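Commentary on secondary and tertiary structure
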Amino acid sequence: GNRYDAGTALWGTAARIDAASTPAASPSVALDPTGNAMAVWLQSVGMTKHAWASRNTGMGWQTTPTQLADTASKLRVGIDMDGSGNALAVWEQNPTGTPNPTLRAQRYLQSTPAWADSASSLSLSGSDMALDVNSSGKALVVAKQKVSGGPTAGLQTAPWALLYQP
């Protein structure tokens, strides 16, 4: 992780966020209006890819990253923050035998400050998801979902969207 200071127009010194010995994948980062950052990534524990998060309040990254909820293997993770410093992490996890990954979400509340104890299933499934959160905390998740039908035989893909309002 590294921070850019607009006042000095300089980058800081890069810092390692996690000291785990397994490779990380799919990193994503978000900033709130005051410059606090939250990073998420996937990292394997045994054969299972877990989602991890670390927070930076300008004084460095937290010393021990937080493992996000759920023990099922994850495929991709994303994060965004609202104007109050609350974060929303969304990830794909693929139950065996389903054409579309399940989308799950977990919130970080600045007021506590902690991640919620559990994750929520979204009523949207799919892959290649994208996430955006506005300053008041409304979130939009878009994912590519496999659907049957269309102009040719077999499964087709179409974008689907889900709006979250706190």
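These remarks concern the structure in this document. (Residues numbered from 1 in each chain as written. Predicted model: local features only at pLDDT ≥ 70, side-chain atom pairs only at ≥ 80, totals over all residues. Heavy atoms only, no water.)

**Some words on the overall build of the protein chain**
Helices and strands together make up the secondary structure of the protein chain, namely zero helices and 14 strands. Seen in sequence order, the protein chain has helices and strands lined up from the N terminus as β-β-β-β-β-β-β-β-β-β-β-β-β-β. Projecting the C-alpha coordinates of the protein chain onto the three principal axes gives extents of approximately 55 × 40 × 30 Å. A burial count over the protein chain gives 36% of its 166 residues as buried. (Helix = DSSP H or I, 4+ residues; strand = E, 2+ residues; numbered from the N terminus. Buried < 20%, exposed > 50% of the residue type's maximum accessible area, 1.4 Å probe, protein only.)

**A look at the side chain of Gln-106**
For Gln-106, the location among the structural elements is in strand β9 (residues 102–109). In this structure Gln-106 comes out as buried when scored by relative accessible area, which is 4%. Within the local environment of Gln-106, its side chain forms a polar contact with the backbone nitrogen of Ala-69, the two atoms lying 2.7 Å apart. Apart from residues lying up to four places away in sequence, Gln-106 is in contact with Leu-68, Ala-69, Ala-87, Leu-88, Ala-89, Trp-91, Trp-115, Ala-116, Ser-118 and Ala-119. (Polar contact = N/O pair within 3.5 Å; in protein donor to acceptor, adjacent residues only side chain to side chain. Contact = heavy atoms within 4.5 Å.)

**Side note on the pattern of salt bridges**
Applying the stated rule across the entire model yields four salt bridges. Asp-128 is the salt-bridge partner of Arg-76, the closest N and O atoms lying 3.1 Å from each other. Of the two residues, Arg-76 sits in strand β7 (residues 74–81) while Asp-128 sits in strand β12 (residues 127–133), which places them 52 residues apart along the sequence. In this structure, Lys-144 engages Asp-128 in a salt bridge whose closest nitrogen and oxygen atoms are separated by 2.9 Å. With Lys-144 in strand β13 (residues 139–148) and Asp-128 in strand β12, this pair connects stretches of sequence that are 16 residues apart. Residue classification places Lys-144 among the partly exposed positions, given a relative accessible area of 34%. Looking at Asp-128, the relative accessible area reads 42%, which means it is partly exposed. (Salt bridge = Lys/Arg side-chain N within 4 Å of Asp/Glu carboxyl O.)

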